[in-house]
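Each chain, written out:
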Amino acid sequence: MKVVFATGNENKLKEIRQITEGMDIEIVSMKDAGFYADVEETGTTFEENAFLKASAIAKKSGLPTLADDSGLEIDYLGKEPGIYSSRYMGEDTPYPVKNAELLRRMEGVADEDRTARFVCAVCYVRPDGTSETVRATMEGIVAHAPAGANGFGYDPIFYLPDRGCTSAELPSEEKNAISHRGKALRMMREILEKEPQVAGGAQ
Ligand code: ITT
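Please read these numbers as outputs of a predicted model, since none were measured by experiment.

A. Just the side chain of threonine 93, in detail. Tracing the backbone through its elements, the reader meets threonine 93 in the loop between strand E4 (80-81) and helix H4 (95-105). By relative accessible area, which is 17% here, threonine 93 ends up buried.

Put into structure tokens, the structure is as follows:
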């Protein structure tokens, strides 16, 4: 089954391709599909924004479309940056700068108050406009210093106590096995497997 993945984020696309390897889904990027929409993320939840992105491309392309809206919620900061994760301090601000600022705002905060989670909503929109949405999280705490060079975005400051390292220190397969995006896409696979195109074996 061919689906367009409505994201402009190359790092996400890379993870999504790794996670969907072996699934009956062929992920086509917006670039490859030749469709593009700069969607204003006006929703107030991850789910709403994922729907806005997927439905804009499904409408333009007439193809089944998936989108991911994700972000980091830090409890001590009232769940900031949350749905504004990519826009935090400005879309073009480099992540080392954003991460340093979040660490500065968390200075002196004890570990038990540093709880945070990555959230991912994945939305699937069919050509007829109907949709399905799933959400998954990965729990952790805000690190005291950045570490690791894998992953992207806020990974270097997201510490996983069970693993004793940040998500940027995990090899990609290990991150995908436990990540918000990995879990959400595996939940979405269950939904997609029930779609007639997949169940019937047709493209
Ligand atoms: P698209 O909307 O085009 O998909 P985007 O990067 O703008 O790309 P979002 O609005 O969903 O995507 O913002 C997600 C941001 O949350 C992302 O840019 C990172 O800053 C952060 N984020 C999400 N998942 C992450 C992960 O697995 N590791 C690190 N940071 C992540």
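Moving on from the coordinates now.
B. Inspection of the packing of aromatic side chains at higher detail. The full count for this structure, using the stated rule, is 2 aromatic pairs. Aromatic side chains tyrosine 95 and tyrosine 154 sit 5.1 Å apart centroid to centroid with 85 degrees between the ring planes, which places their arrangement in the edge-to-face category. Of this pair, tyrosine 95 sits in helix H4 while tyrosine 154 sits in the loop between strand E6 (131-142) and strand E7 (158-160), and the two are 59 residues apart along the sequence. For tyrosine 154, a relative accessible area of 4% puts it in the buried group. Geometrically, the ring pair formed by phenylalanine 118 and phenylalanine 158 is tilted, given 4.6 Å between the ring centres and 50 degrees between the ring planes. Taken together, the residues span a long stretch of sequence, with phenylalanine 118 in strand E5 (residues 115-125) and phenylalanine 158 in strand E7 at a distance of 40 residues. Over the aromatic face of tyrosine 95 sits the side chain of lysine 98, whose NZ or CZ is 4.6 Å from the ring centroid.

C. Structural context of the layout of surface pockets. Taken as a whole, the largest pocket spans an internal volume of roughly 840 Å³. Considering only residue class, the lining of the largest pocket consists of 11 nonpolar, 10 polar and 13 charged. Lining the second largest pocket we find Asn11, Lys14, Glu15, Gln18, Ala149, Asn150, Gly151, Phe152, Ser167, Leu170, Ser172 and Lys175. For the lining of the second largest pocket, the elements supplying multiple residues, two or more each, are helix H1 (10-20) and helix H5 (172-178). Sort the elements by how many residues they give to the lining of the second largest pocket and H1 lands first, with 4 residues. Residues of the lining of the second largest pocket, tallied by class, amount to 3 nonpolar, 6 polar and 3 charged.

D. Spatial organisation of the pattern of salt bridges. Here the structure, examined in full by the defined rule, presents 18 salt bridges. A salt bridge links glutamate 101 to arginine 104, with the nearest nitrogen and oxygen atoms 2.9 Å apart. Pair noted here: glutamate 101 and arginine 104 are both in helix H4, with a separation of 3 residues, about one helical turn. Close ionic contact of arginine 117 with glutamate 139 constitutes a salt bridge, the shortest N to O distance being 3.0 Å.

E. Examining a negative patch on the surface more closely. Residues Asp38, Glu40, Glu91 and Asp92 make up a contiguous surface patch of negative charge. Assignment of secondary structure puts glutamate 40 in the loop between helix H2 (30-33) and helix H3 (46-61). Note on glutamate 40: relative accessible area 65%, which makes it exposed.

F. Highlighting the packing of H1 against helix H6 (residues 180-192). The contact between H1 and H6 brings their axes to 10 Å, and the two run at 50 degrees. In terms of their interaxial angle, H1 and H6 are classed as oblique. Every pair of crossing elements has a handedness; the one defined by H1 and H6 is right-handed. Facing H1, whose interface residues are Lys12, Glu15, Ile16 and Ile19, H6 presents Arg181, Gly182, Leu185 and Arg186. Within the contact of H1 with H6, the residues separate by chemical class into 3 nonpolar, 1 polar and 4 charged.

The rules we used
- One numbering rule holds for all chains: residues counted from 1, following each sequence as written.
- Confidence filtering applies because this is a predicted model: local features only for residues at pLDDT of at least 70, side-chain atom pairs given and counted only at 80 or more, and all residues used for totals across whole chains, interfaces and linings.
- Where side-chain values are given, they derive from all heavy atoms of the structure, hydrogens and water being excluded.
- In DSSP terms, a helix is any run of H or I states spanning at least four residues, a strand is any run of E spanning at least two, and both are numbered starting from the N terminus.
- Partly exposed describes any residue whose relative accessible area lies between the buried limit of under 20% and the exposed limit of over 50%, with all areas from a 1.4 Å probe on protein chains only and scaled to the type maximum.
- Centre distance within 6.5 Å is the pairing criterion for rings of Phe, Tyr and Trp, where only the six-membered ring of Trp is used; planes under 30 degrees apart are then read as stacked, over 60 as edge-to-face, and the remainder as tilted.
- Ring-over charges, as used throughout, are those where CZ of Arg or NZ of Lys falls within 6 Å of the ring centre and within 35 degrees of the ring normal.
- The way it works is a 1 Å grid over only the protein atoms, where trapped points that fit a 1.4 Å probe form a cavity and open points with protein on both sides within 12 Å along at least five of seven lines form a pocket, and then any residue with an atom within 4 Å of a point lines it.
- Grid points are joined across faces, edges and corners, and a volume is the space filled by probe spheres set on the points.
- Classes in brief: Ala, Val, Leu, Ile, Met, Phe, Trp, Tyr, Cys and Pro nonpolar; Asp, Glu, Lys and Arg charged; the others, Gly included, polar.
- Put simply, a salt bridge is a Lys or Arg side-chain nitrogen that is within 4 Å of an Asp or Glu carboxyl oxygen.
- Each patch groups residues whose relative accessible area exceeds 30% and which form no salt bridge, using 9 Å between like charges and 5 Å between nonpolar side chains of Val, Leu, Ile, Met, Phe, Trp and Tyr.
- Per-residue accessibility takes into account occlusion by the displayed protein chains alone, with areas from the Shrake-Rupley method and a 1.4 Å probe.
- In this count, Lys and Arg are taken as positive residues and Asp and Glu as negative ones, while His and the chain termini are left out.
- By convention, the point assigned to a charge is CZ for Arg, NZ for Lys, CD for Glu and CG for Asp.
- For helices, the fitted line uses only the C-alpha atoms of the stretch in contact; every axis is such a line through C-alpha atoms, and the angle between N-to-C directions lies from 0 to 180 degrees.
- Throughout, the term roughly parallel applies to angles under 35 degrees, roughly antiparallel to angles over 145, roughly perpendicular to angles from 65 to 115, and oblique to all others.
- For any helix crossing, the convention is left-handed if the near helix is rotated counterclockwise from the far helix by under a right angle, and right-handed if that rotation is clockwise.
- By definition, residues are in contact when any of their heavy atoms lie within 4.5 Å.

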